[in-house]
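Chains, contacts and geometry: an overview
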Amino acid sequence: MSDFTPARKTVFSGIQPSGNLHLGNYLGAIQQWVRMQEDRNSFISIVDLHAITVTQDPKELATRVRELAAVLLAAGIDPEKTTLFVQSHVRAHAEGSWLLSCVTPLGWLERMTQYKDKSAKQQSVMTGLLTYPVLQAADILLYDAHEVPVGQDQKQHIELTRDIAQRFNHMYGETFVVPEPVIRKDGARIMGLDDPRSKMSKSEAGSGHALLLTDEEVVLRRTIKRATTDSGREITFSEDAERAGVNNLLTIYQLLTGKDRSGVEADFKDARGYGDLKTTVADLVVEKLAPIRAACTRYLDDPAELDRILQKGADRARAVAEPKLIQVKERMGLAVPAALL
Ligand code: TRP
């Protein structure tokens, strides 16, 4: 249910509004969140404050936030079960981030590999890029989250969050739940269709690389039809780099059907070559993604409804984050006298 239920575990995750969601995101992050919302207090934040650690076009950012909300809802995030909200709508995140930055040694942030990678690529590095993981810690700790489902690339940030929580608890007394990362397995990696050696990543619509959740049927079919394969004709799973394209198509089929490997291979026993494989995979992808695209369009065509959902999400998030923030401030000696509130 939507109400906060103390007996349940709390799960928090964030997602950047940084472009189109693709099938890899769906089969990884989103399906995991959709499952977790069934038996946990679930919070998903669209982290626009994180997005502005690199320069964004303001109009585009606002559009992307709404599109991301629409596609998450379309893909099965149920606003009755998950508190879906935009990070900047809840002020406690920015304020909490400041408070936590004052108990976070600079050296901890300078060691973050994501910071090192991203800052090396930029001429001028903004302070926010360095303090990014402190904001992420505030996101998580304000909700007393027990579990944080993320990809492997975020593990270090969750470990930092644990360190910050422990340090704060040590300095000011038990305040924060120390959260556990729930790292998605990398085993079921979906690769780019144009280049099956590189992981499917955000890319332009129609580029032949990714299958976007919002792609039209013709684009999905064309992308799969043109997918890189090899010169053989055997339709079996394989670790062989040469056969990575076919392996990727079979993996997509496997994850969308939920069958095991031998079940998948049995389905293609009578197929005549890769043409048949591609057609079957394309039919399945279209069957699964077309309803998501349609639902997404419905949300985008009804901005008032989307606003209502995001406003309700922000209200519910505030109801948890605000009292927590007050507790944190009190611990630090920053309590606001009631008369001044
Ligand atoms: N940094 C995360 C990413 O890029 C997004 C994120 C922000 C997040 N706040 C979070 C993830 C809190 C989990 C919990 O993927």
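Everything quoted here is computed from the prediction, not taken from an experiment.

1. Things to note about the overall build of the chain
Tallying secondary structure elements over the chain gives 13 helices and five strands in all. Radius of gyration (C-alpha) of the chain: 22 Å, near the 20 Å computed for a compact globule of 341 residues. Overall, the chain is about 75 × 45 × 40 Å in size when its C-alpha atoms are taken along their principal axes. Across the 341 residues of the chain, 47% fall into the buried class. Pairs at least 24 apart in sequence give 75% of the contacts found in the chain among residues at least 6 apart. When the accessible surface of the chain is totalled, it reaches about 17000 Å², and 50% of it is carbon and sulfur.

2. With respect to the site of the ligand
Taken together, 13 residues sit near the ligand, with Gly 14, Tyr 132, Gln 136, Asp 139 and Gln 154 positioned nearest. Out of a free accessible area of 360 Å², the ligand has 89% covered by protein chains. Of all elements in the fold, only strand E1 (10–15), helix H7 (127–141) and strand E4 (147–150) reach the threshold of two or more residues within the shell around the ligand. Counting residues per element, the shell around the ligand draws most heavily on H7, which supplies four residues.

3. Details of unusual backbone geometry
The backbone phi angle of Asp 144 is positive, close to 50°, even though this residue is not glycine. The topology assignment puts Asp 144 in the loop between H7 and E4. In this structure Asp 144 comes out as partly exposed when scored by relative accessible area, which is 24%.

4. Focus: the packing of aromatic side chains
In total, this model carries eight aromatic pairs according to the counting rule given. The interplanar angle of 20° and the centroid separation of 6.5 Å between the aromatic rings of Phe 12 and Phe 43 together place this pair among those described as stacked. With Phe 12 in strand E1 and Phe 43 in strand E2 (residues 41–46), this pair connects stretches of sequence that are 31 residues apart. Centroid distance Phe 168 to Tyr 172: 4.8 Å. Interplanar angle 45°. Geometry classified as tilted. Pair noted here: Phe 168 and Tyr 172 are both in helix H8 (residues 155–172), with a separation of four residues, about one helical turn. Through a chain of ring-to-ring contacts, three or more aromatic side chains come together here, namely Phe 12, Phe 43, Phe 85 and Tyr 143. Of note, Arg 261 hangs over the ring of Phe 237, and the distance from its end group to the ring centre comes to 4.4 Å.

5. A closer look at the packing of H7 against H8
Axis separation between H7 and H8 bottoms out at 9 Å; the angle between their running directions is 70°. When the interaxial angle is binned, H7 and H8 end up roughly perpendicular. Of the two possible hands of crossing, H7 and H8 adopt the one that is right-handed. Between H7, through Tyr 132, Pro 133, Gln 136, Ala 137, Ile 140 and Leu 141, and H8, the contact on the second element is made entirely by His 157, Ile 158, Leu 160, Thr 161, Ile 164 and Ala 165. Taken together, the residues of the contact of H7 with H8 sort by class into nine nonpolar, three polar and no charged.

6. A short note on the nonpolar core
Core analysis: the biggest nonpolar cluster contains 58 residues, and Leu 23, Leu 72, Leu 211, Ile 252, Leu 277 and Val 285 have the highest contact counts within it. Those elements that provide at least two residues to this core are helix H1 (23–36), E2, helix H3 (58–74), strand E3 (82–86), helix H9 (217–225), helix H10 (244–257), helix H12 (273–300) and helix H13 (303–331). The greatest single-element share of this core, amounting to 11 residues, is contributed by H12. Structurally, this core is a two-domain feature, drawing no fewer than three residues from each of domain 1 (10–187 + 302–340) and domain 2 (217–297). The residues touching Ile 252, leaving out its near neighbours within four places in the chain, are Leu 23, Ile 190, Leu 193, Leu 211, Val 281 and Val 285. Grouped together as the second largest cluster of nonpolar side chains are 36 residues, Val 148, Val 150, Phe 168 and Ala 321 included.

7. Examining the environment of Phe 168
We classify Phe 168 as buried; its relative accessible area is 0%. Separated by 119 residues in the primary sequence, Phe 168 and Glu 287 have C-alpha atoms spaced 49 Å apart. With sequence-adjacent residues up to four places away left out, Phe 168 is seen in contact with Leu 100, Val 103, Gly 173, Thr 175, Phe 176, Val 328, Arg 331 and Met 332.

8. Quick notes on the domain arrangement of the chain
Per the domain assignment, the segments of the chain are domain 1 (10–187 + 302–340) and domain 2 (217–297). Averaged C-alpha coordinates put domain 1 and domain 2 at centres separated by 34 Å. Each partner contributes residues to the interface: domain 1 has seven residues there, and domain 2 has seven residues. Buried surface at the junction of domain 1 and domain 2, summed over both partners, amounts to about 680 Å²; 87% is from carbon and sulfur atoms. Among the residues domain 1 hides against domain 2, the three largest losses belong to Leu 23, Leu 27 and Ala 74. Together they make up 62% of the total. Scanning the region where domain 1 abuts domain 2 turns up zero salt bridges. Inspection of the region where domain 1 meets domain 2 yields zero residue pairs in polar contact (both at pLDDT 80 or more).

Criteria and cut-off values
- Residues numbered from 1 in each chain as written.
- Predicted model: local features only at pLDDT ≥ 70, side-chain atom pairs only at ≥ 80, totals over all residues.
- Heavy atoms only, no water.
- Helix = DSSP H or I, 4+ residues; strand = E, 2+ residues; numbered from the N terminus.
- Rg over C-alpha atoms; globule rule 2.2 N^0.38 Å.
- Buried < 20%, exposed > 50% of the residue type's maximum accessible area, 1.4 Å probe, protein only.
- Contact = heavy atoms within 4.5 Å.
- Areas by Shrake-Rupley, 256 points an atom, 1.4 Å probe, with all protein chains shown as cover.
- Near = heavy atom within 4 Å.
- Phe/Tyr/Trp six-rings, centres within 6.5 Å; stacked < 30°, edge-to-face > 60°.
- Lys NZ or Arg CZ within 6 Å of the ring centre and 35° of its normal.
- Axes fitted to C-alpha atoms, helices over the stretch in contact; angles between N-to-C directions.
- Parallel < 35°, antiparallel > 145°, perpendicular 65-115°, else oblique.
- Left-handed = near helix turned anticlockwise from the far one by under 90°.
- Nonpolar A, V, L, I, M, F, W, Y, C, P; charged D, E, K, R; others polar.
- Core = buried A, V, L, I, M, F, W, Y, C linked by side-chain atoms within 4.5 Å.
- Domains from an automatic or database assignment.
- Buried area = accessible area lost by both parts, 1.4 Å probe.
- Salt bridge = Lys/Arg side-chain N within 4 Å of Asp/Glu carboxyl O.
- Polar contact = N/O pair within 3.5 Å; in protein donor to acceptor, adjacent residues only side chain to side chain.

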